[in-house]
Amino acid sequence: MVMTESTNATRSSTPVPLRVAWGALAAFLLLWDVFEVLKHMGWVIPGAFLGAALPFLARLAGLGQAHEPGQLAPRAVPLHNILNRALIPFAIMVVFSFLGDGPEDIAAPFTFGMSWLTSIAFARALGFGLRTPDGWQR
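Residues numbered from 1 in each chain as written. Predicted model: local features only at pLDDT ≥ 70, side-chain atom pairs only at ≥ 80, totals over all residues. Heavy atoms only, no water.

The protein carries the name DUF2231 domain-containing protein in an unreviewed UniProt entry, which gives Streptomyces ossamyceticus as its organism.

Here you go:
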């Protein structure tokens, strides 16, 4: 169901097979996140938590702006759409895979990007994703 003001729908019309694929990716990435945190500890732990929370921080930009239930405040939409693009955390993971002298040097930024991507994948699996300029689901 497409998000419109008249229907007050809260999720996108993403096909079920695509949502299942996002869910499988999210589950795989979550297991990998936990593995990396347990393996490296230290700065990897706050990096993982920050990465997981980052896509939701855009909502803070809309505090105090009126909006309907299920709608994101319009001034928060550009930041929300940037932080919910899967290519950005994936690029962070790839770039940091080639930097540093060893696994300990890249573990925190790599896990940060992977946790960010995990959060996006779970949101997409649940039917949440990018927003229209007026704050409704695409």
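(A) Highlighting the packing of helix 1 (residues 16-40) against helix 2 (residues 44-53). Put simply, helix 1 and helix 2 touch, their axes get as near as 9 Å, and they point 155 degrees apart. As far as their axial angle goes, helix 2 and helix 1 are roughly antiparallel. Taking contact as the criterion, the partners of Glu36, Val37 and His40 in helix 1 are, on helix 2, Val44, Ile45 and Ala48. (Axes fitted to C-alpha atoms, helices over the stretch in contact; angles between N-to-C directions. Helix = DSSP H or I, 4+ residues; strand = E, 2+ residues; numbered from the N terminus. Parallel < 35°, antiparallel > 145°, perpendicular 65-115°, else oblique. Contact = heavy atoms within 4.5 Å.)

(B) Up close: the side chain of Asn84. By the secondary structure assignment, Asn84 is in the loop between helix 3 (77-83) and helix 4 (87-97). At 2.8 Å, the side chain of Asn84 forms a polar contact with the backbone oxygen of His80. The contacts of Asn84, once residues within four sequence positions are left out, are Pro55, Ile120, Arg124 and Leu130. (Polar contact = N/O pair within 3.5 Å; in protein donor to acceptor, adjacent residues only side chain to side chain.)

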